[in-house]
Amino acid sequence: MALPRAARTQRRTRIQEEKEEQILEAALEVFSLHGFRGATVDQIAEVAGMSKPNLLYYFRTKEAMHRALITRVLDTWLDPLREFDAEGNPVAEIRSYIRRKLEMARDFPRESRLFANEILQGAPNIEDELKGPLKELVDEKAAVIRAWAKAGKIAKCDPYHLIFSIWSTTQHYADFDVQVRAVLGQENAGDGRFEDAARFLEQLFLGGLNVSEQPASTSP
């Protein structure tokens with residue numbers, strides 16, 4: 001990860017840390033609206049309320065700001081998957097994962113759009129992380145899901161496509177928020193829509209994975 005210039009000094013002051021966060025907050029706003037290619041340093045400086053030269057003291061390039069943000073977002077995005085516990089109850093673990101992903105869609109919509117834009121552009125800034133730490137983590141959790149299925153705790157399924165499906169259905173509520181609220185209508189578009197979504201997705205995924213609902217095998 002490319003560090004901000006101020007972070008390379010031996011001792012960072014509270015003011016330096018606050019300025020970096022101020023810049024990154026502005027950069028998140030601009031990148032989430034315009035994408036990496038559409039965003040400019042001038043736009044970020046304006047939103048941050050500082051001069052361009054002052055901003056460039058902390059982050060030399062637009063790429064450095066974007067890299068710092070996208071690395072932070074990816075780390076945050078993976079926290080719920082890291083907490084997927086092999087020793088836990090599968091139904092409780094999957095339910096918790098669905099709800100935490102929806103909470104993130106609700107609480108961090110700009111971060112979700114930033115990540116989606118990065119992926120749509122071919123992941124130029126995080127390809128190594130996707131092929132490395134992300135893949136390793138998903139491989140690890142896929143093995144957990146396979147073990148649950150082998151033990152008869154859940155129905156057999158493709159663990160990768162299960163994870164992909166949870167990602168796509170939960171992040172939809174951040175990336176397509178305008179569409180969701182428009183279709184639901186004003187009376188159904190409040191914060192309660194996330195609870196409604198959670199109940200539906202629990203029913204969808206947990207119903208499909210409930211081993212008791214699978215046809216019993218017949219012996220010849």
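Every chain is numbered independently, its residues counted from 1 as its sequence is written. The model is predicted, so local features are restricted to residues of pLDDT at least 70 and side-chain atom pairs to those at 80 or more, both for listing and for counting; the totals for chains, interfaces and linings are taken over all residues. Hydrogens and waters are ignored; side-chain quantities use all the structure's heavy atoms.

A. Layout of the UniProt feature "DNA-binding region" (unreviewed entry) in the protein chain. As annotated in UniProt, the feature "DNA-binding region" (unreviewed entry) corresponds to residues 40-59 in the numbering used here. Along residues 40-59 one finds 75% helix and 0% strand; the C-alpha atoms at either end are 13 Å apart. UniProt positions are given in the numbering used here, feature names are shortened, and annotations may be inferred rather than shown by experiment. For the purposes of this entry, the term helix denotes a DSSP run of H or I that reaches at least four residues, the term strand denotes a run of E that reaches at least two, and both are numbered from the N terminus.

B. Seen up close, the environment of E17. The topology assignment puts E17 in helix α1 (residues 14-38). As a C-alpha pair, E17 and Y58 span 41 residues in sequence and 9.7 Å in three-dimensional space.

C. Representation of the packing of aromatic side chains in the model. For Phe, Tyr and Trp, where Trp contributes only its six-membered ring, two rings pair if their centres lie within 6.5 Å, and the inter-plane angle classes them as stacked under 30 degrees, edge-to-face over 60, or tilted in between. All told, the structure shown has six aromatic pairs when counted by the stated rule. Plain terms: the ring middles of Y57 and Y58 are 4.9 Å apart, the flat faces sit at 85° to each other, and that makes the pair edge-to-face. For Y57, a relative accessible area of 35% translates into the label partly exposed. The rings of F84, Y97 and W148 are connected pair by pair, giving a single aromatic cluster. Three labels apply to residues, based on accessible area from a 1.4 Å probe with only protein chains included: buried if under 20% of the type maximum, exposed if over 50%, partly exposed otherwise in between.

D. Local environment of the UniProt feature "domain: HTH tetR-type" (unreviewed entry) in the protein chain. When the UniProt feature table is mapped onto this chain numbering, "domain: HTH tetR-type" (unreviewed entry) sits at residues 17-77. Structurally, residues 17-77 is divided into 87% helix and 0% strand, and its ends, taken at the C-alpha atoms, are 23 Å apart.

E. Seen up close, the nonpolar core. Here, the term nonpolar core denotes a set of buried Ala, Val, Leu, Ile, Met, Phe, Trp, Tyr and Cys residues that are joined through side-chain atoms within 4.5 Å. If you look at the biggest cluster of nonpolar residues, it comprises 59 residues, and the most contacted ones within it are F31, I44, L55, F59, M65, I94 and L102. If you tally residues by element for this core, the top one is helix α4 (residues 62-82), at ten residues.

F. Local environment of the domain arrangement of the protein chain. The split into domains, and so the bounds of each, comes from an automatic or database assignment of domains. Domain annotation for the protein chain reports domain 1 (5-73) and domain 2 (78-208). Measuring from the centre of the C-alpha atoms in domain 1 to the corresponding centre in domain 2 gives 29 Å. Facing the 13 residues of domain 1 at the interface are eleven residues of domain 2. Two parts placed together each lose some accessible area under a 1.4 Å probe, and adding up what both lose gives the buried area. Carbon and sulfur atoms supply 56% of the area that domain 1 and domain 2 bury against each other, a total of about 1300 Å² over both sides. Take a side-chain nitrogen of Lys or Arg and a carboxyl oxygen of Asp or Glu: if they are within 4 Å of each other, that pair is a salt bridge. At the boundary of domain 1 with domain 2, the tally comes to three salt bridges. A salt bridge links R67 to E129, with the nearest nitrogen and oxygen atoms 2.8 Å apart. Listing elements by their share of the side of domain 1 that touches domain 2, those giving two or more residues are α1 and α4. Ranked by the residues each element gives to the side of domain 1 that touches domain 2, the list is headed by α1, at eight residues. Its residues assigned to classes, the side of domain 1 that touches domain 2 shows six nonpolar, three polar and four charged. Two residues form a contact once any of their heavy atoms are found within 4.5 Å. By the convention adopted, Pro, Cys, Tyr, Trp, Phe, Met, Ile, Leu, Val and Ala count as nonpolar, Lys, Arg, Asp and Glu as charged, and the other residues, Gly among them, as polar.

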